[in-house]
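The chain contents come next:
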Amino acid sequence: MKSALSALLLLPPVCVAEATLGVDSATGQLSFRVVVPPVLRVLQVTPLKDGHEYRIWTNTKSAYINGREYRFTKVGEHTLKVPVSPQGVFLVHGL
């Protein structure tokens, strides 16, 4: 019996768990989402004979003024010429 037990100890183990230093690792993921609301600021209004000239700043690429869409190539400051509307002026932005 001792010889059989001794023979089993000489065979490589079938399943072994061991702790080693420096091999531990962990993974994780962290993500951020920033939501920026649309902003349209009227910086200056200049009356013209057939409407108004608006100097605006926006962080969107389009704005609706008096039912007409104005598209921009980039966000930032822009100058718009808006014809006179009999109902007055209304602004819609961020669409």
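Structure report, in brief.

1. Some details on the sheet that holds strand β2 (residues 51-58)
Here is step 1 of the chain: Strand order in the open sheet formed by three strands is β1-β2-β5, and the pairing between neighbours is antiparallel. Pairing within the sheet leaves two strands with one partner each, and these edge strands are β1 (40-48) and β5 (76-83). When the angles between neighbouring strand axes are averaged without regard to direction, this sheet yields 20°.
Here is step 2 of the chain: Two elements, β1 and β2, share eight bridges in a ladder whose sense is antiparallel. When the sheet's bridge partners are listed, Val 45 is paired in β2 with Tyr 54.

2. Quick word on the environment of Thr 46
Here is step 1 of the chain: Looking at the secondary structure, you find Thr 46 in strand β1.
Here is step 2 of the chain: For the pair formed by Thr 46 and Lys 81, sequence separation is 35 residues and the distance between their alpha carbons is 9.3 Å.

3. As for the pattern of salt bridges
Two side chains bearing opposite charge may form a pair once their charged atoms approach each other closely.
Here is step 1 of the chain: Counted by the stated rule, this structure contains three salt bridges.
Here is step 2 of the chain: Between Glu 77 and Arg 55 there is a salt bridge, and its shortest N-O distance comes to 2.9 Å. Taken as a pair, Glu 77 in strand β5 and Arg 55 in strand β2 lie far apart in primary sequence, 22 residues in all.
Here is step 3 of the chain: Judged by its relative accessible area of 28%, Arg 55 falls in the partly exposed class.
Here is step 4 of the chain: Residue Arg 71 is joined to Glu 69 by a salt bridge in which the shortest nitrogen-to-oxygen separation is 3.2 Å.

4. So, the environment of Lys 49
Here is step 1 of the chain: Examined against the element boundaries, Lys 49 turns out to sit in the loop between β1 and β2.
Here is step 2 of the chain: Classification of Lys 49 by relative accessible area gives exposed; the value is 86%.
Here is step 3 of the chain: Between the C-alpha atoms of Lys 49 and Pro 83, which are 34 residues apart in sequence, the distance is 9.2 Å.

5. Quick word on the side chain of His 78
Here is step 1 of the chain: Counting through the fold element by element, His 78 comes out in strand β5.
Here is step 2 of the chain: The exposure class of His 78 is buried, given its relative accessible area of 14%.
Here is step 3 of the chain: A polar contact of 3.0 Å, which involves the side chain of His 78, links it to the backbone oxygen of Lys 74.
Here is step 4 of the chain: Among residues more than four places away in sequence, those in contact with His 78 are Tyr 54, Arg 55, Ile 56, Thr 58 and Phe 72.

6. Some thoughts on the environment of His 52
Here is step 1 of the chain: Checked against the element boundaries, His 52 lands in strand β2.
Here is step 2 of the chain: The class of His 52 is partly exposed, set by a relative accessible area of 28%.
Here is step 3 of the chain: Spatially, the C-alpha atoms of His 52 and Lys 81 are 5.8 Å apart, while their sequence positions differ by 29 residues.
Here is step 4 of the chain: Once you skip the residues sitting within four places of it in the chain, His 52 turns out to touch Val 45, Thr 46, Pro 47, Leu 80, Lys 81 and Val 82.

Here is what the cut-offs are and how they apply
Residues numbered from 1 in each chain as written. Predicted model: local features only at pLDDT ≥ 70, side-chain atom pairs only at ≥ 80, totals over all residues. Heavy atoms only, no water. Pairing = 2+ DSSP bridges. Helix = DSSP H or I, 4+ residues; strand = E, 2+ residues; numbered from the N terminus. Axes fitted to C-alpha atoms, helices over the stretch in contact; angles between N-to-C directions. Salt bridge = Lys/Arg side-chain N within 4 Å of Asp/Glu carboxyl O. Buried < 20%, exposed > 50% of the residue type's maximum accessible area, 1.4 Å probe, protein only. Polar contact = N/O pair within 3.5 Å; in protein donor to acceptor, adjacent residues only side chain to side chain. Contact = heavy atoms within 4.5 Å.

Just distances and angles here, no functional claims.
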